[in-house]
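Next come the chains, spelled out residue by residue.
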Amino acid sequence: MEHDHSNQHEEHKHNEHEGHHHHHEQMVQDFKQRLWISIIITIPILILSPMIQSFIGVNWEIPFSSYIIFVLATAIFFYGGWPFLTGSVDEIKQKNPGMMTLIGLAITVAYVYSSLTVFGLEGGQFFWELATLIDIMLLGHWIEMRSVMGASNALEELVKLMPNKATKVQDNGETEEVEIDSLQAGDHVLVRPGEKIPVDGTIFKGQSSIDESMLTGESVPIEKHEDDEVIGGSIAQEGSLTISVEKTGQDSYLSQVINLVQEAQQSRSKAQDFTDRAAKWLFYIAVLSGVITLVIWLSFGSPFDHSLERMVTVMVITCPHALGLASPLVVAVSTSLSAKQGLLIRNRINFENARGVDTVVFDKTGTLTKGEFGVTDILPHENYNENQLIQLAASLEQQSEHPLARGIVDYAQSENLSLDDAQDFKAKTGEGIEGTVNGKQVKIVSPKYLEEHDIAYDDDTLQQLSEQGKTVVSVLADDTLIGMIALADIIKDEAKEAVQQLHDNGIEVVMLTGDHERVAHWIANQIGIDKVYAEVLPDDKADYIKTIQQQSKRVAMTGDGINDAPALATADVGIAIGAGTDVAMESADIVLVQSNPNDVVSLFDLSRKTYRKMVQNLWWAAGYNIVAIPLAAGILAPIGILLSPAVGAVLMSLSTVIVAINAKLLTAE
């Protein structure tokens, strides 16, 4: 019963997440549809507007034109303006006026006042301003929502990682394929070589090397024997296993990772948008300026309808079209620039916040290193030289699927060594491989095998290489040790350069890895990393990020495995390396397509430039207000200068054009 409940819970969470993602897509489509329909309605409003006609020097008299404009404006006010009207109601309920309230105020004042003028009140109409304001604000929001569109699919991706079928072993030894949901604790499942392990459990029978790198970040496949624990989602590389099921559904390791990602995403601070803060102040300024304008004009004996027109002009002008585009245009340019540089921005607020990061945490495998083995040392014995040793080893290793084997074969190919065919190939789990090459009985084994068979070897050299984080294999020909080959996870060429550039920018660099202490320190020394946290359990990575954050640090985390997903979601800025898992990408704010650590440096640089452009644009948008509001209110009326709505419109257009041009001037250089 409990098992069914956990699966239902899992499914509910998955469906809830899918529903949220689908809802976001619908919202983007809704804004797009409202935008196009509003633009179509705006065209006749502009053509019929007396102010626009006087601009272009025509006078098209159409019977009942003011009523036609009123009907069209009513349609655009309620259809195009609806998201802003409902949004402003929400903001007012939360006692936190922002962009929606400012737009809502401007369009409501413009609509109500203009409608009154149609039915007898003296004064000019603001219908065309209402229509263009709604169009530009819809455009701004649509651009913005599209650039933020990467709503998180992390949970779906995690669920995909788990196979949904398993091969169950019956009591009589027969096997059948069953749904994972139907498995109970204590059942036995068969896992063949190359298959994903379907559930958390212990090995009941068999042994295999298991690739857990996607889950734990440990680069070397781990040899597992009877009674060892295995994690659902890891891959059995060689040898069949019978596994006794321990945890299913909600209790499994992957489900716990899902929970961690979810918690981290929910607890992340909702940094308030910069434009919203500007809009909040403009809302207060609009209301205050409008009321002050009305009171002052009335106190100077001006007729009520004229005073009201001044007030409405001020309140409509206070919501600049440019403000609606100030951020979205910079975001759109910055997003396309970043995409050309191989940076995919998924969370805009956190991308903007990247400029303040002072600590970068790197996961090791696949981020600073390639996550694949390369030959670092060749130590031939007897009558062999380096090439002969590699040639013999690679000839045998080309039959194996092991990552170490690929490293040796790749090295041989890079040295253009011709490889021979190996006969009678056998892989012995936990011991090594053997076969016949050119009439010689060749074995490639671990140091443990040498000890068990009393074969003498240079213990000091082996110890030294192991301390540098290297994996050493020994090559035997006809049971004689003919040399050793050391391999290590290859450090990316760009890693050292990236760390140096981060240091130049005053950023501390930390490495967080599930790998051994000595491996981690050796790599950190090669690259110049400040701090190392090694042998970190996957579940603890997010806690390490929190610990660093508690030292008043702003932390960016860079990683590529499932085990990094909770840490990426916890960090102030989560950066996923593109060659990694979809899960890591989905819980990150930014994805680096090229898996190049140098892109982390470019990212911070672009974040700083984007922020600078945004501030400039907000000043241009607000600058229009600083000039237009006092003029519209009539501060220079005593000397005959009064800002008419027409001149206000020209200023508004100018400010919008400047903002658009300034956004386009953002470059990656």
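The model shown is predicted, which means the values in this text are computed figures rather than measured ones. (Residues numbered from 1 in each chain as written. Predicted model: local features only at pLDDT ≥ 70, side-chain atom pairs only at ≥ 80, totals over all residues. Heavy atoms only, no water.)

Visitor: With reference to specific residues and values, describe the environment of Val-89.
Guide: For Val-89, the location among the structural elements is in helix α4 (residues 82-93). Residue Val-89 is classed as partly exposed on the basis of its relative accessible area of 43%. The spacing of Val-89 and Gly-104 is 15 residues in sequence and 8.7 Å in space, taken between C-alpha atoms. (Helix = DSSP H or I, 4+ residues; strand = E, 2+ residues; numbered from the N terminus. Buried < 20%, exposed > 50% of the residue type's maximum accessible area, 1.4 Å probe, protein only.)

Visitor: Help me get a handle on a nonpolar patch on the surface, residues and values and all.
Guide: Together, Ile-43, Ile-47, Ile-56, Trp-60, Ile-62, Phe-64, Tyr-67, Ile-68 and Phe-119 make up an exposed nonpolar region whose accessible area comes to about 930 Å². Contributing elements (two or more residues each) for the nonpolar patch: α1 (2-48) and α3 (65-79). (Patch = residues over 30% accessible without salt bridge, like charges linked within 9 Å, V, L, I, M, F, W, Y side chains within 5 Å. Areas by Shrake-Rupley, 256 points an atom, 1.4 Å probe, with all protein chains shown as cover. Salt bridge = Lys/Arg side-chain N within 4 Å of Asp/Glu carboxyl O.)

Visitor: Describe the packing of aromatic side chains, listing the residues and the values that go with them.
Guide: Scanning all chains against the criterion turns up 11 aromatic pairs. Ring centres 6.5 Å apart and planes at 55° place the aromatic pair Phe-70 and Phe-127 in the tilted group. Of this pair, Phe-70 sits in helix α3 while Phe-127 sits in helix α6 (residues 127-147), and the two are 57 residues apart along the sequence. Judged by relative accessible area, which is 19%, Phe-70 ranks as buried. Relative to Tyr-284, the ring of Trp-281 has its centre 6.4 Å away and its plane inclined at 75°; by these criteria the two rings are edge-to-face. Taken together, the residues span about one helical turn, with Trp-281 and Tyr-284 both in helix α10 (residues 274-299) at a distance of three residues. When its relative accessible area of 39% is taken as the criterion, Tyr-284 is described as partly exposed. Joined through ring pairs, the aromatic side chains of Tyr-67, Phe-70, Phe-77, Phe-78, Tyr-111, Phe-119 and Phe-127 make up one cluster. Stacked on the ring of Tyr-79, the Lys or Arg Arg-34 has its end atom at 4.9 Å from the ring centre. (Phe/Tyr/Trp six-rings, centres within 6.5 Å; stacked < 30°, edge-to-face > 60°. Lys NZ or Arg CZ within 6 Å of the ring centre and 35° of its normal.)

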